[in-house]
Amino acid sequence: MPIPSSQLLAFVRNIAASDPKTRESAADQVTDLVSGYSAADGRVLAGVLSAAAVCERDPRALEAQLNAIIQLGALAEPDMVASLQTLDVEALPGELGDYVRDILEG
């Protein structure tokens with residue numbers, strides 16, 4: 001059963017929240033329901049998570065966002081995550097550059 005539209009909208013709101021802990025938590029919550037997303041839900045979430053990741057300055061929130069995209073798997077279609085190409089993977093902390101590479105290499 002697909003997730004309710006209200007829940008999808010709540011994820012989108014929280015992924016775009018001003019508080020980094022809220023963004024991190026929202027990305028983590030996305031991974032909790034990964035088996036319940038329709039293809040359309042996955043495209044929306046992948047696009048929003050990618051846009052958030054490109055703008056993210058908090059390393060923990062960024063890690064959660066990138067991990068959520070990875071967990072979406074095939075639902076994170078290349079055109080929905082293409083914005084990640086703008087990130088300087090060499091400048092990202094820890095293993096986050098590898099996360100981006102893995103996502104883009106799909």
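About the thresholds
Residues numbered from 1 in each chain as written. Predicted model: local features only at pLDDT ≥ 70, side-chain atom pairs only at ≥ 80, totals over all residues. Heavy atoms only, no water. Helix = DSSP H or I, 4+ residues; strand = E, 2+ residues; numbered from the N terminus. Rg over C-alpha atoms; globule rule 2.2 N^0.38 Å. Buried < 20%, exposed > 50% of the residue type's maximum accessible area, 1.4 Å probe, protein only. Contact = heavy atoms within 4.5 Å. Core = buried A, V, L, I, M, F, W, Y, C linked by side-chain atoms within 4.5 Å. Patch = residues over 30% accessible without salt bridge, like charges linked within 9 Å, V, L, I, M, F, W, Y side chains within 5 Å. Areas by Shrake-Rupley, 256 points an atom, 1.4 Å probe, with all protein chains shown as cover. Salt bridge = Lys/Arg side-chain N within 4 Å of Asp/Glu carboxyl O. Lys, Arg positive; Asp, Glu negative; His and termini not counted. Charge placed at Lys NZ, Arg CZ, Asp CG, Glu CD.

**Student:** Mind showing me how you'd approach the overall build of the chain here?
**Tutor:** Each helix and strand in the chain was counted, giving 6 helices and 0 strands. What you see in the chain, going N to C, is helices and strands ordered as α-α-α-α-α-α. Taking 2.2 N^0.38 as the reference for a compact globule, 106 residues should give roughly 13 Å; the C-alpha atoms of the chain span a radius of gyration of 12 Å, in line with that estimate. Here the C-alpha coordinates of the chain stretch approximately 40 × 30 × 20 Å along the principal axes. When each of the 106 residues of the chain is scored for burial, the buried share is 39%. For the chain, long-range pairs separated by at least 24 residues make up 64% of all intrachain contacts whose partners lie at least 6 apart in sequence.

**Student:** Teacher, can you tell me more about the nonpolar core here?
**Tutor:** Side chains of nonpolar character tend, in soluble globular proteins, to be buried together. Among the nonpolar cores identified, the biggest contains 30 residues, and Val30, Leu66, Leu72 and Leu84 are the most heavily contacted of them. Secondary structure elements with two or more residues in this core: helix 1 (5-15), helix 2 (20-32), helix 3 (39-55), helix 4 (59-72) and helix 6 (96-105).

**Student:** Can you help me understand a negative patch on the surface in this one?
**Tutor:** Residues Asp28, Asp32, Glu63 and Glu95 make up a contiguous surface patch of negative charge. In this fold, aspartate 32 is placed in helix 2.

**Student:** How should I be thinking about the pattern of salt bridges in this particular structure?
**Tutor:** Opposite charge on two side chains permits them to pair, given that their charged atoms come into close proximity. Using the criterion set out here, one finds 6 salt bridges in the structure. For arginine 60, the salt bridge goes to glutamate 24, with nearest N and O atoms at 3.5 Å. Remark: glutamate 24 occurs in helix 2 and arginine 60 occurs in helix 4; sequence separation between them is 36 residues. With a relative accessible area of 57%, arginine 60 lands in the exposed category. Taking the relative accessible area as the measure of exposure, glutamate 24 reaches 16% and is therefore buried.

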